[in-house]
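Architecture at a glance
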Amino acid sequence: MTSNAHSLPLTSTHSGCTCGESDAAAAPVLDARTIPHEIRHAAIFGALDSLNSGSALVLVAPHDPKPLLAQARERYVDGIDVTYLESGPEAWRIQLRKM
């Protein structure tokens, strides 16, 4: 994956069509480590806001994102399911599913 100053580090695992559907078992990966700290939470919430109910993404973070998760639980009143896939020390990988 390559990123530049004009794109978010979002890796899609979808087959590439533009129908708006997504593969049920595959979730896009958002590597927050490459997003500037000043806009990191806003970028992550933008990605989460774009998901349909029941859809998920995998967040890769440079630390355990407990403050972000607390904000997400307040923001998404229908709920958000959090599953830790990896817990440091280099990176935290967390699946976030909107309910």
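Quantities reported herein were computed from a predicted structural model and do not represent experimental measurements. (Residues numbered from 1 in each chain as written. Predicted model: local features only at pLDDT ≥ 70, side-chain atom pairs only at ≥ 80, totals over all residues. Heavy atoms only, no water.)

**Description of the packing of aromatic side chains**
As enumerated under the stated definition, the model contains one aromatic pair in all. An angle of 55 degrees between the planes, with centres 6.3 Å apart, marks the rings of Phe45 and Tyr76 as tilted. Here the residue Phe45 occupies a position in helix H1 (residues 40-49), and Tyr76 occupies one in the loop between helix H2 (66-75) and strand S4 (80-87), the gap between them amounting to 31 residues. When sorted by exposure, Phe45 lands in the same class as Tyr76, which is buried. (Phe/Tyr/Trp six-rings, centres within 6.5 Å; stacked < 30°, edge-to-face > 60°. Helix = DSSP H or I, 4+ residues; strand = E, 2+ residues; numbered from the N terminus. Buried < 20%, exposed > 50% of the residue type's maximum accessible area, 1.4 Å probe, protein only.)

**Quick notes on H1**
Inspection of H1 places Arg40, Ala43, Ile44, Phe45, Ala47 and Leu48 among the buried residues, and these make up the whole buried set. Buried-residue contacts for H1 involve strand S2 (29-31), strand S3 (56-61), H2, S4 and strand S5 (92-98). (Contact = heavy atoms within 4.5 Å.)

**Re the side chain of Asp31**
With respect to the secondary-structure elements, Asp31 resides in strand S2. The exposure class of Asp31 is buried, given its relative accessible area of 13%. Within the structure, Asp31 has its side chain in polar contact with the side chain of Arg33 (distance 2.8 Å). (Polar contact = N/O pair within 3.5 Å; in protein donor to acceptor, adjacent residues only side chain to side chain.)

**What about the pairing of S3?**
Of all six residues in S3, six are buried, a share of seventy percent or more. Neither face of S3 is open: one carries Ala56, Val58 and Val60, the other Leu57, Leu59 and Ala61, and all of them are buried. Of the crossover connections in this fold, the one passing from S2 over H1 to the parallel S3 is right-handed. In the sheet, S3 pairs with S5 via six bridges, with the strands oriented antiparallel. Counted as the bridge partner of Leu59 is Ile94 from S5. (Right-handed = clockwise from strand over helix to strand, strands pointing away. Pairing = 2+ DSSP bridges.)

**With respect to the environment of Ala72**
Within the fold, Ala72 resides in helix H2. Between the C-alpha atoms of Ala72 and Leu48, which are 24 residues apart in sequence, the distance is 9.1 Å. Residues in contact with Ala72, not counting those within four places in the same chain, are Phe45 and Ile80.

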